[in-house]
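Residues per chain, in single letters:
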Amino acid sequence: MTDPQPYPPPPYQQPYGGPGQYPQRQPSNGVAVGGMVCGIVGLVFGWFPIVGFILGAVAVILSGVGIHNANTKNASGRGMAVAGLVCGILAVLFGIFWIAVIGAASTAGTL
């Protein structure tokens, strides 16, 4: 005689997470990251007029492209692109200011 099983067999469980159930990642926006980095470095090196001006101009261009990519291609990094744009504009203005100061000092003969 066989003993009856004390417990019924466990019910079949559905596996966790089937294929295609994970949210899709947004494409990255490396141009926005580059614009933000150039903008921050342009602000830091803004004390050197030409370097800050050039880095700021590059940041403005890259950040503009990054904002465009974020809007049209649904890419991430729009906030970084805006931050790079603001830092780039400030770096360009800071570079223009220092170029004007150096130009005025050189024409006045005090440099």
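Predicted model only: the values in this text are computed from it and were never measured. Every residue gets a number counted from 1 within its own chain, in the order that chain's sequence is written. Local features in this predicted model are restricted to residues whose pLDDT is 70 or higher, and side-chain atom pairs enter the listing and the counts only when it is 80 or higher, whereas totals over whole chains, interfaces and linings include all residues. Excluded from the side-chain calculation are hydrogens and water; included are all heavy atoms of the structure.

Peer 1: Whenever I open this one, the overall build of the chain confuses me. Can you help?
Peer 2: Put simply, DSSP H or I for four residues or longer makes a helix, DSSP E for two residues or longer makes a strand, and each gets a number counted from the N terminus. A tally of regular secondary structure across the chain gives three helices and zero strands. The N-to-C order of helical and strand elements in the chain reads α-α-α. For the chain, the proportion of contacts with a sequence separation of at least 24, taken over those separated by at least 6, is 74%. Put simply, the chain shows about 8,100 Å² of open surface, and 71% of that area lies on carbon and sulfur atoms. Should any heavy atoms of two residues lie within 4.5 Å, those residues are considered in contact. Note on areas: these come from Shrake-Rupley sampling with a 1.4 Å probe, and a residue is covered only by the protein chains present in the view.

Peer 1: Mind showing me how you'd approach the confidence of the model for the chain here?
Peer 2: Do not read the predicted coordinates in detail wherever pLDDT is low. Model confidence for the chain is summarised by a mean pLDDT of 85, while 84% of its residues fall at 70 or above. Least confident of the elements in the chain is helix 3 (residues 78-108), whose mean pLDDT is 92; most confident is helix 1 (residues 30-44), at 95. A score between 0 and 100, pLDDT records how confident the predictor is in each residue.

Peer 1: Would you explain the packing of aromatic side chains in this entry?
Peer 2: In this description, an aromatic ring pair is defined by two values, namely the gap between the centres and the angle between the planes. Working definition: a ring pair exists when centres of Phe, Tyr or Trp rings (six-membered ring for Trp) sit within 6.5 Å. Plane angles under 30 degrees give stacked, over 60 give edge-to-face, the rest tilted. Enumeration according to the criterion identifies five aromatic pairs in this entry. Taking 6.1 Å as the distance between ring centres and 85 degrees as the angle between the ring planes, the aromatic pair formed by phenylalanine 94 and tryptophan 98 counts as edge-to-face. Of the two residues, phenylalanine 94 and tryptophan 98 are both situated in helix 3; the distance of four residues between them amounts to about one turn of the helix. Note on classification: 1.4 Å probe, protein chains only; a residue is buried when its accessible area is under 20% of the maximum for its type, exposed when over 50%, partly exposed between these limits. Exposure remark for phenylalanine 94: the relative accessible area of 25% places this residue in the partly exposed category.

Peer 1: What is the right way to look at a nonpolar patch on the surface in this model?
Peer 2: Patches in this entry comprise residues that are over 30% relatively accessible and not in a salt bridge; like charges within 9 Å are linked, as are nonpolar side chains (Val, Leu, Ile, Met, Phe, Trp, Tyr) within 5 Å. We define a salt bridge as a contact between a side-chain nitrogen of Lys or Arg and a carboxyl oxygen of Asp or Glu at a distance within 4 Å. Together, Leu43, Ile50, Phe53, Ile54, Val58, Val82, Val86, Ile89, Leu90, Leu93, Ile96 and Ile99 make up an exposed nonpolar region whose accessible area comes to about 960 Å². Among the secondary structure elements, those contributing two or more residues to the nonpolar patch are helix 2 (49-72) and helix 3. Per-element accounting of the nonpolar patch gives the leading share, seven residues, to helix 3. Note that valine 58 resides in helix 2. Given a relative accessible area of 33%, valine 58 falls into the partly exposed group.

Peer 1: So what exactly am I meant to see when it comes to the packing of helix 1 against helix 3 here?
Peer 2: Each packed pair of helices is defined by two parameters, the angle between the axes and the distance between the axes. Lines fitted to the C-alpha atoms define the axes, with helices restricted to the stretch that makes contact. Angles between their N-to-C directions range from 0 to 180 degrees. Orientation of helix 1 relative to helix 3, taken along the N-to-C sense of each, is 30 degrees, at an axis distance of 7 Å. The angle between helix 1 and helix 3 falls in the class roughly parallel. Where helix 1 crosses over helix 3, the handedness of that crossing is left-handed. Of helix 3, the residues touching helix 1 (which contributes Ala32, Val33, Gly35, Met36, Gly39, Ile40, Gly42 and Leu43) are Met80, Ala81, Ala83, Gly84, Cys87, Gly88, Leu90 and Ala91. Should an angle fall under 35 degrees it is called roughly parallel, over 145 degrees roughly antiparallel, and 65 to 115 degrees roughly perpendicular, with every other angle called oblique. Throughout, a crossing is termed right-handed when the near helix is turned clockwise from the far one, and left-handed when it is turned anticlockwise from it by less than a right angle.

Peer 1: Sorry if this is basic, but what is going on with helix 3 here?
Peer 2: An α-helical turn contains 3.6 residues, so a residue and the one three or four places further along point in the same direction. By this rule the span expected of a helix is its residue count minus one, scaled by 1.5 Å. In this model, helix 3 (31 residues) spans 45 Å end to end at C-alpha, consistent with the 45 Å of a helix rising 1.5 Å per residue. Buried residues of helix 3: Ala81, Gly84, Cys87, Gly88, Ala91, Val92, Gly95 and Ala105, and no others. Summarising the contacts, the buried residues of helix 3 are in contact with helix 1 and helix 2.

Peer 1: What am I meant to see in the environment of isoleucine 61 here?
Peer 2: With respect to the secondary-structure elements, isoleucine 61 resides in helix 2. Separated by 24 residues in sequence, isoleucine 61 and leucine 85 have C-alpha atoms that sit 8.1 Å apart.

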